[in-house]
Amino acid sequence: MSLKTNGFRPHTSLTKPTTPTNSSTIQISGQTLASSHPTKLFNYHHETSITSLDFDDTGQYLISSGVDKSIQLYDCHKGVHFKDIQSQKYGAHSARFTHEELNCLYASTPDASDIGDGKGDDTIRYLSLSSNQYIRYFKGHKAQVSNIQVNPVHNTFTSSSYDGTVKFWDLKTSSATGSITMGQNSVIGFDPQGIVVAIGKYPLGESRSGTVGLYDLKTFDKGPFSEVTIPCLQNQLWNKLEFSNNGRLILISTDSREHYILDAFSGKLLAIVRLSYRNDPQWMSTEYPYDGCCSFTPCGKFLLIGSPKSIVHIFELSDLRHDTERPVILSRSNDILKTNQIPKIIAFNPKLFILATADTTVKLWQPENQT
């Protein structure tokens, strides 16, 4: 798969997505990924933890949300910070673009004194980034919303919460269209066709196993059509579930040195990524969940994983076999990217060869050779 690269342009007014100038195409490979270098550094969260990153469908815009209770908007075509959206009254987490213009969803973040006493605002807000006007409010969760995922095809989305439920929503309706009781917080992700949702439950207490269930969106109330158990580390938190764009793989990103790759059709565990560092309970520490330190490339052939050693590990997945009896252990990455920043969150642009990493700042990366 090839992606466009672009030359950054000067700052202009807020507009609809445009075509980048000086663009060329470049193949995604381990070599080009490892040759990436930082082109922009943004510090608009003022050295506070960033908890989510998301690119829009066109690849032009990127948003970040953080514990400073703000959403920041960046233009990747121009290489500039575009807008500062403050949400001091409600907080901001899991900001996600919808398919409608420059609109986004985001979750509220309660003050520390509100957590656990039922006083927090658990509303999901639908915001126009261009006008700073709220379009709709989605109410129904009874505790902190940990994750929002937008359907890749339809104008619907799903959310998970510490109230132990996963809820389904239509952007045109304020009330949930459906709900599943999971009994704990969970991670969620849509397949590329927007017809299947995967829900992952991480281990609790002394358990050393989690589960992943696959649900048909038309019949989710009947339970998962497939469910598998994943052996994993005790007290491990899962913070992201992602399908590869080719629909073949599922990634489970965690707060530990282990991450998991599943067959998207059977749910079979294909690989365990086991990095060589001691678990550091502080590197993912925040009062709100992170988006996850792992990401597929748009072609689905590579996996990028951040570590507390300020390194992004690059694993090639082309040789993963779906007929093996035991999962492959991936411990030595094919290539690495040194970041000089702890890459707690990684996101890859869907259209341009631009990689975003975040901790307390956002960095944009492009390959060394763009010709």
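Predicted model only: the values in this text are computed from it and were never measured. (Residues numbered from 1 in each chain as written. Predicted model: local features only at pLDDT ≥ 70, side-chain atom pairs only at ≥ 80, totals over all residues. Heavy atoms only, no water.)

Let us look at the confidence of the model for the protein. On average, residues of the protein score 89 in pLDDT, and 87% of them reach the 70 mark or higher. Within the protein, strand E1 (residues 2-5) has the poorest average pLDDT of any element, 64, and strand E14 (residues 165-170) the best, 98. A low-confidence stretch, residues 112-118 (pLDDT under 50), is modelled with 5 contacts involving residues beyond four sequence positions or located in other chains. (pLDDT = per-residue confidence, 0-100. Helix = DSSP H or I, 4+ residues; strand = E, 2+ residues; numbered from the N terminus. Contact = heavy atoms within 4.5 Å.)

Enumeration according to the criterion identifies 12 aromatic pairs in this entry. Ring centres of phenylalanine 138 and phenylalanine 157 lie 5.0 Å apart, and the angle between their planes is 80 degrees; on these two criteria the pair is classed as edge-to-face. Pair noted here: phenylalanine 138 is in strand E11 (residues 133-138) and phenylalanine 157 is in strand E13 (residues 156-161), with a separation of 19 residues, a long-range link. With a centroid separation of 5.5 Å and 55 degrees between ring planes, the pair formed by phenylalanine 348 and phenylalanine 353 is classed as tilted. Per residue, the accessibility class of phenylalanine 348 equals that of phenylalanine 353, and both read buried. An aromatic cluster of three or more residues is present, and its members are Tyr90, Tyr106, Tyr134 and Tyr137. (Phe/Tyr/Trp six-rings, centres within 6.5 Å; stacked < 30°, edge-to-face > 60°. Buried < 20%, exposed > 50% of the residue type's maximum accessible area, 1.4 Å probe, protein only.)

Under the UniProt annotation, "repeat: WD" (unreviewed entry) lies at residues 43-75 and 138-179. The annotated region residues 43-75 carries 0% helix and 55% strand content, and the separation between its end C-alpha atoms amounts to 15 Å. (UniProt positions renumbered as here; feature names shortened; annotations may be inferred.)

Attention shifts here to unusual backbone geometry. Keep in mind that most residues, glycine aside, have a negative phi and that most peptide bonds are trans. One non-glycine residue, asparagine 132, lies in positive phi territory at about 60 degrees. The topology assignment puts asparagine 132 in the loop between strand E10 (124-128) and E11. Owing to a relative accessible area of 38%, asparagine 132 belongs among the partly exposed residues under this scheme. Unusually for a residue other than glycine, asparagine 235 sits at a positive phi of about 60 degrees. Along the chain, asparagine 235 turns up in the loop between strand E19 (226-231) and strand E20 (238-243).

Glancing now at the side chain of threonine 32. Topologically, threonine 32 is positioned in helix H1 (residues 30-34). A relative accessible area of 15% places threonine 32 in the buried class. Reaching out from threonine 32, the side chain makes a polar contact with the backbone oxygen of glutamine 27 at a distance of 3.2 Å. Among the polar contacts listed, one links the side chain of threonine 32 to the backbone nitrogen of serine 29, at a separation of 2.9 Å. Leaving out residues up to four positions away in the same chain, threonine 32 has contacts with Ile26, Gln27, Phe353 and Pro367. (Polar contact = N/O pair within 3.5 Å; in protein donor to acceptor, adjacent residues only side chain to side chain.)

Taken in spatial order, the 4 strands line up as E24-E25-E26-E28 in an open sheet, and their pairing is antiparallel. Only two strands of the sheet have a single neighbouring strand rather than two, namely strand E24 (294-296) and strand E28 (335-338). The mean inter-strand angle of the sheet, taken between neighbouring strand axes irrespective of direction, is 20 degrees. Direction of pairing for strand E25 (residues 302-307) relative to strand E26 (residues 311-316): antiparallel, over a ladder of 6 bridges. Its bridge partner being in E26, serine 307 is matched across the sheet by isoleucine 311. (Pairing = 2+ DSSP bridges. Axes fitted to C-alpha atoms, helices over the stretch in contact; angles between N-to-C directions.)

With that settled, the discussion passes to the sheet that holds strand E22 (residues 258-263). Reading across from one edge, E20-E21-E22-E23-E27 is the order of the 5 strands in this open sheet, with mixed pairing throughout. The open sheet has two edge strands, E20 and strand E27 (328-330), and neither has a second partner. Neighbour-to-neighbour, the strand axes of the sheet open up by a mean angle of 20 degrees, direction not taken into account. In terms of strand pairing, E20 meets strand E21 (residues 249-254) through 5 bridges, oriented antiparallel. Looking at E21, one finds that glutamate 242 is bridged to leucine 251.

Attention now goes to the pattern of salt bridges. Using the criterion set out here, one finds 6 salt bridges in the structure. Between aspartate 323 and arginine 321 there is a salt bridge; the shortest N-O distance is 2.9 Å. (Salt bridge = Lys/Arg side-chain N within 4 Å of Asp/Glu carboxyl O.)

Within the element layout of this structure, serine 207 appears in the loop between strand E17 (196-201) and strand E18 (209-216). Considered as a pair, serine 207 and glutamine 236 are 29 residues apart in the sequence and their alpha carbons are 9.6 Å apart. There is a polar contact of 3.1 Å between the side chain of serine 207 and the backbone oxygen of serine 209.

Side chains of strand E30 (residues 355-358) alternate between two faces, with Leu355 and Thr357 and Ala356 and Ala358 buried alike. Bridge analysis of strand E29 (residues 345-348) against E30 gives 4 bridges, and the strand direction is antiparallel. Paired with isoleucine 345 across the two strands is alanine 358, which belongs to E30. As consecutive antiparallel partners, E29 and E30 are separated by 6 residues. Here E30 runs beside strand E31 (residues 362-366); their pairing, made up of 4 bridges, is antiparallel. Directly across from leucine 355, in E31, lies its bridge partner tryptophan 365. Taking the residues that link successive antiparallel strands as the turn, the E30-E31 hairpin has 3 residues.

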